[in-house]
Structure formats: C-alpha cells, structure tokens
Amino acid sequence: MRAAVLGSPIEHSLSPYLHRAAYAAMGLEGWTYEAFECDERRLPGLLAQLRPVRGQAGPRPWAGLSLTMPLKRAVLPLLDTVSELAVQVGGANTVVFRDGRGHGDNTDVYGIERALAEAGVPAPGSALVLGGGATAASALAALRGLGLDEVTLVVRDPARAGQTAAVARRLGVALRVERFEALEALLKVDLVVSTVPGRAADAYADRLAGVPALFDVVYSPWPTRAALAVRQAGGKVVGGFAMLLHQAVRQVELMTGRADVPVEAMRAAGEAELLRRATPTG
C-alpha cells in the first residue's frame, strides 16, 4: 500500500518519519510513505491521477494522503465524501481511499485535544486563539470539544478572518475578533493557542509570559521564545510536535483500519529527526 503527504513547501515535513515508524512497528511490510511537493494548482490533477487505482487490488494501491498547507481547504470540493467535522472546520488534512472513493477527514482537531490532555492542561474556562488560518479553525473545534462556546480570535487584519468566523458559526462558537494591538488587554484567559507561523508569537513573548497555559503549534525550532517565557513564569507549555504526532496517529488508524498504532515508536522517530536537524554538521 502507498501513502504520502502533499503540500508546499514539503521538504521539511516530519510526516514521513512518523508514518514509516508506525508501519515498521506494526509489521506492515510493503507499505510506503512519501512526500510530494504539491500546491493548489496541481492538486486536482494529482487526485485525478490517483482515481483509476484507488481502492483497487492492484500491486500498489493507495491507502491515503496527508495534506498540509495550502491544501486543507482546497481539497474539499475534490473529494467524494467529507466527514462532518471536516465540513464544520472547513478543511481536511486526511484523505482515505476506499472502494474507489476518496473520503476527507480532519485529524488536526484530535491532535490538539490529545496534545493538551497529554500535557495535563485542564479544560479551559476561557481561551484566546492567535492567527486565523486552517489550524486556528481546528483549534476552535478542539476548544468547542473541551466545552467552550465563546473564544477570542486575535489577527492582524479582522477583514481577512471571514473564513474562520464562518467556521465558528458552524461550530456554534461565539467569536470575538480583535487585532494584535489589543493583545495585552485580552490575556486574562486560561489558555492561549498560537497558530501563527514560524516564530511570529515571539514578538509578544513578554506579554504572554503570565498566561496559565500556552499551546504553540510551532515545533521547530523549539522551544520558541514565547514558550520559554510562559514556562519560566510557571505556566504550562504544549508544543506543536505533540499535535503533529497525535494527528498522525489518527491518520495511521484511518489509513490502515487498525487501532494498535505505536504512539511511542512514532514519537521516538519524530524526536530523533528533530534532534538530527538541530545538530550542527561538519
């Protein structure tokens, strides 16, 4: 069976290391997992190429695909069926091929929920989400699952938060949208979820230091300055690697149809690769 991760850029994806470690530990001989550079323009053609072989009992049928940016929203109209959660969130990061059909799902929400639980972060009574992209939408769904029906979203330009606001409406979450300039006045919350790319949240590290818990979706380089500030002030910190790990665990479950996914083997493989990347060469 074949599987792959698609996105652009894709060269630094950890998904191949996580999925391959799972296949090895599960004894799935003949399973392969690759990484393909693919943007929104190329996605329809690539999925069309897979259509003749998906779900068939050929020598190398496709089990599924992992999707990263910028494909999570773009893939929805190209699929045969989509889970209710993926529809609500407005994005699918997983495609499973079965019976000649492509089914879209979202495992990012599961990844966020498991990452918070693993770190011992209690269900928050209030939360703030930084950023308004696809991961922010998944964060809203995870927070709703933890019992919140009201969340504040902080973005650079509220006029560009329309898609995330639509997600909140579908989820039944009351969304308050604010600019980053107002951040300091908004930080009396139980949990801050930073979905901004790179180390963008580091500019606000001093202001974030006093929050009880920070979930920063960045996983490399780690820790971020924001994460260090919160940790040094005694707050709980959750990094993006935990989310990446657990969403991949759920993907392996969906693609293989098995529940005995080796979480610790996947964790070890991912951590080893991150360490390798962080170690100077030469």
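Everything numeric here is computed off the predicted structure, so don't read it as measured data.

Reading the values: the criteria
- Residues numbered from 1 in each chain as written.
- Predicted model: local features only at pLDDT ≥ 70, side-chain atom pairs only at ≥ 80, totals over all residues.
- Heavy atoms only, no water.
- Pairing = 2+ DSSP bridges.
- Helix = DSSP H or I, 4+ residues; strand = E, 2+ residues; numbered from the N terminus.
- Axes fitted to C-alpha atoms, helices over the stretch in contact; angles between N-to-C directions.
- Contact = heavy atoms within 4.5 Å.
- Core = buried A, V, L, I, M, F, W, Y, C linked by side-chain atoms within 4.5 Å.
- Buried < 20%, exposed > 50% of the residue type's maximum accessible area, 1.4 Å probe, protein only.
- Phe/Tyr/Trp six-rings, centres within 6.5 Å; stacked < 30°, edge-to-face > 60°.
- Lys NZ or Arg CZ within 6 Å of the ring centre and 35° of its normal.
- 1 Å grid on protein atoms, 1.4 Å probe; cavity = no way out; pocket = protein on both sides within 12 Å on 5 of 7 lines; lining within 4 Å.
- Points joined across faces, edges and corners; volume = space filled by probe spheres on them.
- Nonpolar A, V, L, I, M, F, W, Y, C, P; charged D, E, K, R; others polar.

## Looking at the sheet that holds strand β7 (residues 127–130)
Part 1 of the argument: One open sheet accounts for six strands, arranged β9-β8-β7-β10-β11-β12; its pairing is parallel. For this open sheet the edge positions go to β9 (174–179) and β12 (236–239), each flanked by a neighbour on one side alone. On average, adjacent strands in this sheet sit at an angle of 20° to one another, irrespective of strand direction.
Part 2 of the argument: Across three bridges, β7 lies against strand β8 (residues 150–155) in parallel orientation. Looking at the pairing, L128 lines up with T152 of β8.
Part 3 of the argument: Along the sheet, helix α4 (residues 108–118) makes contact with β10 (191–194), β11 (213–216) and β12, crossing β11 at roughly 140°.
Part 4 of the argument: Most of the contacts of helix α9 (residues 240–256) go to β12, to which it runs at about 50°, and overall it touches β11 and β12.

## Overview of the sheet that holds strand β4 (residues 81–82)
Part 1 of the argument: Taken together, the six strands give an open sheet; going across it, the order is β2-β1-β3-β5-β6-β4, and neighbouring strands pair in mixed fashion. At either end of the open sheet lies a strand with only one pairing partner, and these are β2 (32–37) and β4.
Part 2 of the argument: Its contacts with the sheet place helix α2 (residues 43–50) against β1 (2–7), β3 (62–67) and β5 (94–98), and it is angled at close to 165° to β3.

## Points about the nonpolar core
Part 1 of the argument: Core analysis: the biggest nonpolar cluster contains 32 residues, and I112, L116, V129, L143, V151, L191 and F215 have the highest contact counts within it.
Part 2 of the argument: Elements supplying a minimum of two residues to this core: α4, β7, α5 (134–145), β8, α6 (162–171), β10, β11 and α9.
Part 3 of the argument: Looking at this core element by element, the count peaks at seven residues for α5.
Part 4 of the argument: By size, the runner-up hydrophobic cluster in this structure holds 24 residues, among which are V5, L18, Y23 and A63.

## Digging into the packing of aromatic side chains
Part 1 of the argument: Under the counting rule described, the total for this entry stands at three aromatic pairs.
Part 2 of the argument: Seen from their ring centres, F180 and Y204 are 5.0 Å apart, and the 25° between their planes marks the pair as stacked. Of this pair, F180 sits in the loop between β9 and β10 while Y204 sits in the loop between β10 and α7 (205–208), and the two are 24 residues apart along the sequence. Each of the two residues, F180 as well as Y204, counts as buried.
Part 3 of the argument: Across the ring face of F180, the terminal group of R156 is positioned such that the distance to the ring centre comes to 5.2 Å.

## Thoughts on unusual backbone geometry
In most cases, non-glycine residues show a negative phi, while peptide bonds are predominantly trans.
Part 1 of the argument: Residue P9 follows S8 across a cis peptide bond; omega there is 0°.
Part 2 of the argument: Of note, the amide linkage connecting S220 to P221 takes the cis form, showing an omega dihedral of -5°.
Part 3 of the argument: Along the chain, P221 turns up in the loop between β11 and α8 (225–232).

## What to know about the layout of surface pockets
Part 1 of the argument: A volume near 1500 Å³ is recorded for the largest pocket.
Part 2 of the argument: Looking at which element gives the most residues to the lining of the largest pocket, the answer is α9, with five residues.
Part 3 of the argument: In terms of residue class, the lining of the largest pocket is built from 19 nonpolar, 19 polar and nine charged.
Part 4 of the argument: Of the voids in this model, the second largest pocket is the one considered here, and its volume is about 340 Å³.
Part 5 of the argument: What lines the second largest pocket is a set of 19 residues, among which Y219, S220, W222, F241 and L274 lie closest to the centre.
Part 6 of the argument: Among the elements of the structure, β12, α9 and α10 (263–278) are those that each provide at least two residues to the lining of the second largest pocket.
Part 7 of the argument: Ranked by residue count, the leading element in the lining of the second largest pocket is α10, at six residues.

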